[in-house]
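Structural overview for review
Residue strings, one per chain:
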Amino acid sequence: MSKLGEEPIPSEVPEDHPRAHSLKIRHRITDGLDKKIVAKAGLIAHGRGEAFDYLIGEITTEPAKEAIEAACSALLLAKHPIISVNGNVAALTPHEIVELSNVSEAKLEINLFYRTKEREDALEKALRVAGAKEILGVGLKKIEIHDLSSKRRIIDPEGIAKADVVLVPLEDGDRTEALKRAGKKVIAIDLNPLSRTAQHADITIVDNLVRCIPLMKDEIIKLKSKSKKDLELILKKFDNKHNLSSMIELIGTRFLDLAKKGINIPGIKEL
Ligand code: ATP
Ligand code: MG
């Protein structure tokens, strides 16, 4: 048991707490901070994500499901797909991201805004414990995307440098733009449909990565039986700008409904 006044460990979040699920996920982030996986700024990024998740109702919406289908088609069609992993991803969904990498044959590359050897090692360990065999973006052989000032410019010559499609869960807008300029197709997972990442990616999945990564794994398995032509058709039909507009509209409509009909948000009793 934790002492009075100390933060409870995840297993101590009472099951009947109305926000138990969200609190447990939050604890994965704070535990990740203790293990040096998550950077301090990652806590703030998570908070922004939580706020947007509230706005969309903490569910995977229909537009998000369409974006997942398009994203998985793009990963399957890619010659050299890469999944970029940062601290929050490694803390929130280590097993799920390794499983997604295995089924999609997209390699994992550690890419950090605040890169230190300590964090690089901590992420590598977390992914290895989760079952990862091959991890790019660690060790010495790294090259740089020149037009980016943060440490995220450091990329693996066998990974993002070569990639045609890059999945970037929780990305920073600057790097998304730099990846685009470098000719990559960018798939983003970002709960904020207004962020620069969401707006600049080729395919944006507006969903919590905790829900979305397992759904992507299932979708990849489902789509594997489709022909190349079918996958290309799915991609052709998908319109990211339209999808993002649908998400923004969905938030607006939901709020108007809540204002008219009363609040029905998890953890908030009807007024
Ligand atoms: P940008 O740089 O793209 O304009 P930003 O500066 O507003 O975005 P960052 O701090 O760079 O935000 O990135 C964090 C982003 O990750 C936020 O948009 C936030 O909504 C999103 N995010 C945080 N946690 C999650 C999560 N669990 N699932 C999906 N998205 C998340
Ligand atoms: Mg940013």
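Anything mentioned here points back to the structure above.
For the structure given in this document, a descriptive report is provided here. Everything numeric here is computed off the predicted structure, so don't read it as measured data. Each chain carries its own residue numbering, running from 1 in the direction its sequence is written. Going through the entries in the order they are written, you letter the chains from A and number the ligands from 1. Only residues with pLDDT of at least 70 get local features here, since the model is predicted, and only at 80 or more are side-chain atom pairs given and counted; chain-wide, interface and lining totals rely on the full set of residues. To obtain the side-chain values, all non-hydrogen atoms of the structure were used and water was disregarded.

1. Considering the site of ligand 1
Here is the rule we go by: Any residue with a non-hydrogen atom lying within 4 Å of a molecule or strand is treated as near it. Two N or O atoms form a polar contact when they lie within 3.5 Å of each other; inside protein one atom must be a possible hydrogen donor and the other a possible acceptor, and for residues adjacent in sequence the pair counts only when both atoms belong to side chains. What sets the accessible areas is the Shrake-Rupley method with a 1.4 Å probe; for residues, cover comes only from the shown protein chains. Secondary structure elements follow DSSP: runs of H or I no shorter than four residues count as helices, runs of E no shorter than two count as strands, and numbering proceeds from the N terminus. The nonpolar class holds Ala, Val, Leu, Ile, Met, Phe, Trp, Tyr, Cys and Pro. Asp, Glu, Lys and Arg form the charged class, and all remaining residues, Gly among them, are polar.
The environment of ligand 1 is made up of 18 residues, and the closest members are Arg48, Gly173, Asp190, Thr197 and Asn208. The separation between an oxygen atom of ligand 1 and a polar side-chain atom of Asp190 is 2.8 Å. With respect to ligand 1, the backbone of Leu209 contributes an N or O atom lying 3.0 Å from a nitrogen atom. Surface burial for ligand 1 is 86%, taken as the share of its 630 Å² of free accessible area covered by protein chains. Top contributing element to the shell around ligand 1 by residue count: helix α2 (residues 40-56), with four residues. Here the shell around ligand 1 is composed, by residue class, of five nonpolar, seven polar and six charged.

2. Focus on the pairing of strand β7 (residues 185-189)
For a regular strand, side-chain orientation follows a simple rule: the groups alternate between the two sheet faces. Quick note on the threshold: Each residue is assigned to one of three classes by its accessible area relative to the maximum for its type, calculated with a 1.4 Å probe on protein chains only: buried under 20%, partly exposed between the two thresholds, exposed over 50%. Strands qualify as paired when DSSP identifies two bridges or more between them. By convention a crossover is right-handed if, when the strands point away from the viewer, the path from the first strand over the helix to the second runs clockwise.
With four of five residues buried, β7 lies mostly within the body of the structure. Bridging between strand β6 (residues 165-169) and β7 involves five bridges; their strand directions are parallel. Within β7, the residue paired with Val165 across the bridge is Lys185. What joins β6 to β7 is helix α7 (residues 173-181), and the crossover it makes is right-handed. The pairing of β7 with strand β8 (residues 203-205) spans three bridges and is classified as parallel. Directly across from Ile189, in β8, lies its bridge partner Ile205.

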